[in-house]
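# Reading the structure
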Number of protein chains: 2
Amino acid sequence: MTTNEVIEVNNSCPAEALLKMLSGKWKPQIFLRSQQGPMRFSELLRDLKGSNKQSVSVALRELEESGLLSKATITQKPLHIEYSLTEKGKAMIPIFHTLELLTD
Amino acid sequence: MTTNEVIEVNNSCPAEALLKMLSGKWKPQIFLRSQQGPMRFSELLRDLKGSNKQSVSVALRELEESGLLSKATITQKPLHIEYSLTEKGKAMIPIFHTLELLTD
DNA sequence: CGGTATCCCTCGGGATACTG
DNA sequence: CAGTATCCCGAGGGATACCG
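Let us look at the structure shown here. (Residues numbered from 1 in each chain as written. Chains lettered and ligands numbered in written order. Predicted model: local features only at pLDDT ≥ 70, side-chain atom pairs only at ≥ 80, totals over all residues. Heavy atoms only, no water.)

## Observations concerning the protein's contact with DNA strand D
The local shell around DNA strand D holds 19 residues, among which Ser42(A), Lys53(A), Ser57(A), Tyr83(A) and Ser55(B) are the closest. The sugar-phosphate portion of DNA strand D accounts for 63% of its atoms within 4 Å of the protein, the bases making up the rest. Here a phosphate oxygen of DNA strand D and a side-chain polar atom of Ser42(A) are 2.7 Å apart. Note that a phosphate oxygen of DNA strand D is positioned 3.0 Å from one of the backbone N or O atoms of Lys25(B). The dominant element in the surface near DNA strand D, judged by the number of residues it contributes, is helix α4 (residues 53-65) of chain A, at 4 residues. (Near = heavy atom within 4 Å. Polar contact = N/O pair within 3.5 Å; in protein donor to acceptor, adjacent residues only side chain to side chain. Helix = DSSP H or I, 4+ residues; strand = E, 2+ residues; numbered from the N terminus.)

## Some details on the interface of chain B and chain A
Contacts between the two partners involve 28 residues from chain B, matched on the other side by 28 residues from chain A. Carbon and sulfur atoms make up 74% of the surface buried where chain B meets chain A, a total of about 2600 Å² over both sides. The largest per-residue losses of area from chain B upon contact with chain A belong to Leu19(B), Leu99(B) and Leu102(B), which jointly make up 22% of the total buried on that side. Counting every contact that joins chain B to chain A gives 0 salt bridges. (Contact = heavy atoms within 4.5 Å. Buried area = accessible area lost by both parts, 1.4 Å probe. Salt bridge = Lys/Arg side-chain N within 4 Å of Asp/Glu carboxyl O.)

## What about the protein's contact with DNA strand C?
In the vicinity of DNA strand C there are 20 residues, among which Ser55(A), Ser42(B), Lys53(B), Ser57(B) and Tyr83(B) approach most closely. The share of sugar and phosphate among atoms of DNA strand C within 4 Å of the protein is 60%. One of the side-chain N or O atoms of Arg40(B) is found 3.0 Å from a phosphate oxygen in DNA strand C. With respect to DNA strand C, the side chain of Lys53(B) contributes an N or O atom lying 2.5 Å from a base oxygen. Looking at the surface near DNA strand C residue by residue, the classes come out as 7 nonpolar, 8 polar and 5 charged. (Nonpolar A, V, L, I, M, F, W, Y, C, P; charged D, E, K, R; others polar.)

## Side note on the packing of aromatic side chains
All names here are of chain A. Summed over all chains, the structure comprises 2 aromatic pairs over all chains. Each ring, one from Phe31 and one from Phe96, has its centre 4.8 Å from the other, and the planes form 70 degrees; the classification is edge-to-face. Of this pair, Phe31 sits in helix α2 (residues 27-34) while Phe96 sits in helix α5 (residues 87-102), placing them 65 residues apart in sequence. Phe96 shares its class with Phe31; the two are buried. (Phe/Tyr/Trp six-rings, centres within 6.5 Å; stacked < 30°, edge-to-face > 60°. Buried < 20%, exposed > 50% of the residue type's maximum accessible area, 1.4 Å probe, protein only.)

## Quick word on the relation of the copies chain B and chain A
For the pair chain B and chain A, the best superposition has an RMSD of 0.0 Å and corresponds to a rotation of 180 degrees with a translation of 0.0 Å parallel to the axis. Both copies of the chain, as the preceding transformation shows, are related through a two-fold rotation axis. Take the interface residues of chain B: 100% of them recur as interface residues in chain A, which is what a same-surface contact looks like. (Least-squares fit on C-alpha atoms with pLDDT ≥ 70 in both.)

## Observations regarding the pairing of strand β2 (residues 80-85) of chain A
Residues and elements named next belong to chain A. Sheet topology note: the strand β1 (residues 69-74)/β2 ladder contains 6 bridges and is antiparallel. Bridge pairing links Lys71 to Tyr83 in β2. Taken together, β1 and the strand that follows it, β2, pair antiparallel across an intervening segment of 5 residues. (Pairing = 2+ DSSP bridges.)

## A short note on the pattern of salt bridges
Scanning the entire structure with this criterion turns up 10 salt bridges over all chains. For Lys27(B), the salt bridge identified is with Glu62(B), shortest N-O distance 2.7 Å. Linking Lys27(B) in helix α2 (residues 27-34) with Glu62(B) in helix α4 (residues 53-65), this pair joins segments that are 35 residues apart in sequence. With a relative accessible area of 8%, Lys27(B) lands in the buried category. We classify Glu62(B) as partly exposed; its relative accessible area is 33%. The salt bridge partner of Asp47(B) is Arg46(B), with a shortest N-O separation of 4.0 Å. Residue classification places Asp47(B) among the partly exposed positions, given a relative accessible area of 39%. Overlapping salt bridges bring together Arg33(A), Glu43(A), Arg46(A) and Asp47(A) as one network.

## Some thoughts on α5(A)
Remark: the principal bend of α5(A), roughly 35 degrees, maps to Ile93(A), with a proline, Pro94(A), within the next four residues. Of the residues making up α5(A), those classed as buried are Gly89(A), Met92(A), Ile93(A), Ile95(A), Phe96(A), Leu99(A) and Leu102(A). In the core, the buried residues of α5(A) are packed alongside α1 (15-21), α2 and β2 of chain A together with α1 (15-21) and α5 (87-102) of chain B. (Bend = angle between axes of the 7 residues up to and from the residue.)

Set out below in structure tokens:
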């Protein structure tokens, strides 16, 4: 408590958490797509060229778990599900765009 | 080569480039550390608990290649090398900090 | 001191088949 | 339609030894 403890936990970098929220091959693109409005599973599968059910499924779950996307289920046949940006997700859009400007 | 090869290039998401600049286990922490001023290799190795020469070496090279860090060599014995934030790197600091605020 | 070369192992992510 | 289960492979990253 008094001084230099050697704590192995590596929370030295808070931004890591957010970086992780968008890490991986498909999450950035899904997040980008979500800014256009609600989207359905098969719709994403079609748009994300080169992806597959498994990968999209995992990415969506992770985005949901980190609170960026929300899932709305319409229990009818055929099943209809929509993924939309949460308020937290919307709050990230400006930053997301700022990132682009720094790219070059 | 006029043939239309099936290149799956997917540049649909510009922010991906920047996300990639800070992706990986050590780059975020190194970038954070660099905000405190110039740093040396062995210094980083000491501070980044659980890392090793190889990983730090690769991370530094990638940060350098993406233009966030610059390398200054003093060719004397013993070798002395300093890594510092570039102007581009400095420009990213505010965003980096904004990211933290959105984490929760 | 400041790295690279090499080996190895885990984990992210692709393909396919099956399910509610 | 919207997923999960399973298998498999390549890349990321750790450990260690060697080099300028």
